[in-house]
2 protein chains.
Amino acid sequence: MKAALMYGAGDVRVEDAPIPTLQEPTDAIVRTVRACICGSDLHPYHSMPGSEHGIRMGHELIAVVEEVGTAVTTLTKGDFVVVPFAYADNTCAICQEGFQTACPHGGWYGTPDTPGLQAEYARVPQADGSAVVVPGVDPATASDELLASLLALSDVYLTGYHAAFMADIQPGQTVTVIGDGAVGLSAVLAAKQMGAERIILMGRHVSRTDLGREFGATDVVAERGAEGVAKVMALTGGEGSHVVLEAVGHMPAYEQAYGIVRPGGIISRVGVPQYEEAPIGFGSLFGKNARLAGGPAPVRAYLEQAIRDVLDGTINPGKVFDRTVGLDGVPAGYAAMDAREALKVMVDPALR
Amino acid sequence: MKAALMYGAGDVRVEDAPIPTLQEPTDAIVRTVRACICGSDLHPYHSMPGSEHGIRMGHELIAVVEEVGTAVTTLTKGDFVVVPFAYADNTCAICQEGFQTACPHGGWYGTPDTPGLQAEYARVPQADGSAVVVPGVDPATASDELLASLLALSDVYLTGYHAAFMADIQPGQTVTVIGDGAVGLSAVLAAKQMGAERIILMGRHVSRTDLGREFGATDVVAERGAEGVAKVMALTGGEGSHVVLEAVGHMPAYEQAYGIVRPGGIISRVGVPQYEEAPIGFGSLFGKNARLAGGPAPVRAYLEQAIRDVLDGTINPGKVFDRTVGLDGVPAGYAAMDAREALKVMVDPALR
C-alpha cells in the first residue's frame, strides 16, 4: 500500500509499505476513506532532524473496518468509523474522567509500533476505545461535505472544541481565539456553539478570517504582539477577554494570551507548545488570577455527540478543508499548508 | 502610634508613626484590635535590599472603626470589622466577578500611600468595599479564640479557601496540599469543608502536620522532591491527585505539584511565586491536560459567608495562631516565624 513518511524537515515521501495486520486481540485493521494533514504535522516539517528510516505520518482518519481482533466487541467488518488522533482503552479511570489522551494503555500514531495514518490501511490499537461507528452512513455514497465534516471530528474540530470546553465558556462571555489556522477556526465554531457573545479572532489571513466570521467571529484583529494586545484590550473596555483560546503553540501566541486575558479569566491552549518554560508568575498569570488549561484533546470523550451534531446539520466543521489530494499528492499538500496556500489538506486514497 | 517597618532582609523595627487621617471621602480610619505576620512577609524578610526609609509592613487586620469619610455608607464609628489584605471598590465588573484583588481601583497595603497594618491605627481606602462588619460581636469582651478566627479571615484562611475554591474541589476527590505553613493548613481545612475524601498533606514539621490532621488531612507525606512525588503517586494508585493546592511559592513546590497532579487535574497556587518562568509545556502541564489556577485571594468575595461560619462554629481557622506579641514584639515575631519556632504570630497592640 501507499503511505506517507517524513525523513526530515521539508522532506515528505510516499512509499510502498506493508498492509498492516492484527497484532493484538484488541486491534482493528481499517481501510482509509479519508485522511488529512494536521497543523501539528508542520512542527516536525520545520524542525525534524534528518533520518535514514523516516517516520510514518498522519493521525486523522475516517475508515471502513476490514478485520477485528478476537477481543473487539463494538466493531465489525464493514463498519464506517471515525478514528480519534490518539488511541485509548476508554475504560480506565483516566478515560472515564474524560482525559483519554492520557490513558495509561493508550498512545499516539506515528511511532515504530503504531504507524501514522496517511496511508491506504491502518492498524487501530484498543479498537473498542479508539474508533466510533457512524450510524447509517455509507461512505461510498456520502457527500464530500459530510465526509469532510466527519473527518474533522478525528482531530481538528474536536481539538478546537476541547479548547472551548476546558475554558468552560459561559453564555454572554467574550472569547478571543489566537490563530486563524484550522484549529483556531474550529475553536471559533465551538465557542459559538457554547454561547459566547463576542468572539474576537486574532489572525491576518483574510480568506481564513472570513471563514472565521462565517463560523461566528464578531471581530477580527490582524495585529500581533503588543499592538494586538492593545487592540483586544481596547475592544474589551480595558478589562480583557474572559476566555482566550490559544491555537498556535508558539511563545508569542502564549504571550499574547496572558496579555489579553481578563482577571480571573482562562487561557486554554490546544496548539502543541513549542516551548517548555514560560511566564506564569505574578507578572503574567498569578497576579490577576488568570487560569491555564488545555492539552491534547480527548476526542473520544466528545465524539459520539459530535457525530450526531454533524449528521443532523448542527455543525459543518469540514469547511476547514480547502484542498484534496491523493496519497501521491501528500508531499505537495504539506508544502501548500506550510506556504499557507492551503488551510487544511484532505487525503483521498482513491484519487490518483 | 507604634508601627512595624522593614528596612531590609532580617531587619524589622518598631517606630513611632503618625496616626493616619482621612485622605479620601471613601476612606475609613480604624483602630487595630489584632494584626498579624504573614508567611508572605517572610519573602522580603529573606531578600529585601537595605533601605534608608523602610517599608510599613502588615496587611491583616481586625479593627474598630474610628472615623469614616463622607462617601462611606456601610460603616459607622464603633463598628467591629474584618479588613481583607487588599482593598477594592467591590462594585466594578472585576469585583462583581469575584476577583477583588485585581480591582482597577484597588491596591495593596505596604506602599508609601497606603502603609502596612502592623500598627495601632490604619487608613482603609475604599472602605465600603474593603471592610466588613462582624455583627453582634464586641471585641472588648470576645474570646481570644473568636478574635483569632476572625483575624484569620483577613488573609490566611481565605487564602487557603481560595486555593480550594479555584480548584473546584468535588466531593470524593483526592486533594494534595503542598506546604504545612498556616496557609497550607488552612487549605486543608477548606478542602475538608468542600468534601474532599482524601487529603494528603506534604509537610515535615510534626506539630504542624498534627494540626493538619485535626483540620482534616488523612495522610501526611514528609518526603520532598522526587521522593515526595513517588510517595504521593503510590498513595494514589499511580494516577495522581485530582487537585494540588500549592501553598509555598518556591519552584520546588511547583515542580512537586506538576509531578503529582493527575491527568486533567488542577494545580491551584496561593503561595506567592518566587519565580516568573516555570515549566508548562508538553512535559509538565500540557501533555496531561493539567490545569493551573490561583493568585492573590479575593478575600472580600468569601468574607461574609466565612464570618457566619466562624460565628456559628462551623470553622475555627484561628488555630493556626500559636503566639501573640505586642507591637514591640513584632521583630521577634518575624524571627520566630522565620526559624519555624512559631507557625503564625498574632499582634495585640494592647500587650506591652
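Bear in mind that the values here come from a model prediction, so they are computed numbers and not experimental data. (Residues numbered from 1 in each chain as written. Chains lettered and ligands numbered in written order. Predicted model: local features only at pLDDT ≥ 70, side-chain atom pairs only at ≥ 80, totals over all residues. Heavy atoms only, no water.)

Student: So what about the interface of chain A and chain B? Which residues, and what values?
Tutor: Taken residue by residue, the interface counts 42 residues in chain A and 42 residues in chain B. Of the roughly 3,400 Å² buried between chain A and chain B, counting both surfaces, carbon and sulfur atoms make up 61%. Among the residues of chain A in contact with chain B, A:Ile280, A:Phe286 and A:Asn289 are the three that bury the most area, contributing 21% of the side total. The interface formed by chain A and chain B includes 2 salt bridges. Across the pair A:Glu97 and B:Arg262 runs a salt bridge, and its minimum N-O distance is 2.7 Å. Applying the counting rule to chain A against chain B returns 24 residue pairs in polar contact (both at pLDDT 80 or more). If you list the elements that add at least two residues to the side of chain A that touches chain B, you get helix H2 (93-96), helix H5 (156-166), strand S15 (261-269), strand S16 (277-279) and strand S17 (291-294) of chain A. Here the side of chain A that touches chain B is built from residues that sort into 23 nonpolar, 12 polar and 7 charged. Here S16(A) runs beside strand S16 (residues 277-279) of chain B; their pairing, made up of 3 bridges, is antiparallel. Bridge pairing links A:Ala278 to B:Ala278 in S16(B). (Contact = heavy atoms within 4.5 Å. Buried area = accessible area lost by both parts, 1.4 Å probe. Salt bridge = Lys/Arg side-chain N within 4 Å of Asp/Glu carboxyl O. Polar contact = N/O pair within 3.5 Å; in protein donor to acceptor, adjacent residues only side chain to side chain. Helix = DSSP H or I, 4+ residues; strand = E, 2+ residues; numbered from the N terminus. Nonpolar A, V, L, I, M, F, W, Y, C, P; charged D, E, K, R; others polar. Pairing = 2+ DSSP bridges.)

Student: Hey, could you go over the relation of the copies chain A and chain B for me, with residue numbers and the actual values?
Tutor: Overlaying chain A with chain B gives an RMSD of 0.0 Å, the required rotation being 180 degrees about an axis along which the chain moves by 0.0 Å. Taken together, the turn and the small shift mark the pair as related by a two-fold rotation axis. Across chain A, the smallest distance between a C-alpha and the rotation axis is recorded for A:Leu292, namely 2.5 Å. Mapped onto chain B, 100% of the interface residues of chain A are again interface residues, and the two copies thus contact each other with one and the same surface. (Least-squares fit on C-alpha atoms with pLDDT ≥ 70 in both.)

Student: Before we move on, can you summarise the sheet that holds strand S2 (residues 11-16) of chain B with the specific residues and values?
Tutor: Residues and elements named next belong to chain B. Read from one edge of the open sheet, 3 strands run S2-S1-S4, paired in antiparallel fashion. At either margin of the open sheet sits one strand with a lone partner, and together these are S2 and strand S4 (55-56). In this sheet, S4 lies alongside strand S1 (residues 2-8) in antiparallel orientation, the contact comprising 2 bridges. Bridge pairing in S4 links Met-6 to Ile-55. Sheet strands in contact with helix H11 (residues 330-338) are S1 and S2, and its direction is about 160 degrees off that of S2. (Axes fitted to C-alpha atoms, helices over the stretch in contact; angles between N-to-C directions.)

Student: Which residues make up the sheet that holds strand S1 (residues 2-8) of chain A, and what values go with them?
Tutor: All names here are of chain A. Here we have 3 strands laid out as an open sheet, ordered S2-S1-S4, and antiparallel in their pairing. Unpaired on one side and paired on the other, strand S2 (11-16) and strand S4 (55-56) mark the two borders of the sheet. The sheet strands contacting helix H11 (residues 330-338) are S1 and S2, and the helix crosses S2 at an angle near 160 degrees.

Student: Could you give me a rundown of the packing of helix H5 (residues 156-166) of chain B against helix H6 (residues 182-193) of chain B, with the residues and numbers involved?
Tutor: Residues and elements named next belong to chain B. Two numbers describe how H5 lies on H6: the axes approach to 7 Å, and their chain directions differ by 55 degrees. The orientation of H5 relative to H6 falls into the category oblique. H6 is crossed by H5, and the crossing has right-handed handedness. Contacts between H5 and H6 involve Val-156, Tyr-157, Thr-159, Gly-160, Tyr-161 and Ala-164 from the former and Ala-182, Val-183, Ser-186, Ala-187, Leu-189, Ala-190, Ala-191 and Gln-193 from the latter. Of the residues assigned to the contact of H5 with H6, the class counts are 10 nonpolar, 4 polar and no charged. (Parallel < 35°, antiparallel > 145°, perpendicular 65-115°, else oblique. Left-handed = near helix turned anticlockwise from the far one by under 90°.)

Student: Tell me about the packing of aromatic side chains, and please be specific about residues and values.
Tutor: Under the counting rule described, the total for this entry stands at 22 aromatic pairs over all chains. In this structure an aromatic cluster arises from ring pairing among A:Phe85, A:Trp108, B:Phe282 and B:Phe286. The ring of B:Tyr7 carries B:Arg13 above its face, with NZ or CZ at 3.7 Å from the centroid. (Phe/Tyr/Trp six-rings, centres within 6.5 Å; stacked < 30°, edge-to-face > 60°. Lys NZ or Arg CZ within 6 Å of the ring centre and 35° of its normal.)

Student: An account of the UniProt feature "domain: Alcohol dehydrogenase-like C-terminal" (unreviewed entry) in chain A is requested, with residue identities and associated values reported.
Tutor: UniProt's feature table lists "domain: Alcohol dehydrogenase-like C-terminal" (unreviewed entry) at residues 182-294 of chain A, given in the numbering used throughout. Its end C-alpha atoms 17 Å apart, residues 182-294 of chain A is made of 38% helix and 27% strand. (UniProt positions renumbered as here; feature names shortened; annotations may be inferred.)

Student: Let's hear about unusual backbone geometry: which residues, and what values?
Tutor: Residues apart from glycine generally show negative phi values, whereas peptide bonds are mostly found in trans. Residues and elements named next belong to chain A. We note that Gln-126 has phi near 45 degrees; this positive angle belongs to a residue other than glycine. Examined against the element boundaries, Gln-126 turns out to sit in the loop between strand S9 (121-124) and helix H3 (127-130). Its identity is not glycine, yet Asn-289 carries a phi of approximately 60 degrees, on the positive side. When you line up the elements, Asn-289 lands in the loop between S16 and S17.

Student: A description of the domain arrangement of chain A should follow, citing residues and the corresponding values.
Tutor: Residue and element names in this part refer to chain A. Considered domain by domain, chain A is made up of domain 1 (2-155 + 298-347) and domain 2 (159-294). In this structure, domain 1 and domain 2 have C-alpha centres spaced 27 Å apart. In total, domain 1 and domain 2 occlude about 1,500 Å² of area from one another, counting both sides; carbon and sulfur atoms represent 63% of this. Sorting the residues of domain 1 by area buried against domain 2 places His-43, Tyr-302 and Leu-343 first, and these three jointly supply 38% of that buried surface. The tally of links between domain 1 and domain 2 comes to 1 salt bridge. Note that Glu-214 and Lys-319 form a salt bridge whose closest N and O atoms lie 2.3 Å from each other. Partitioning the side of domain 1 that touches domain 2 into residue classes produces 9 nonpolar, 4 polar and 4 charged. (Domains from an automatic or database assignment.)

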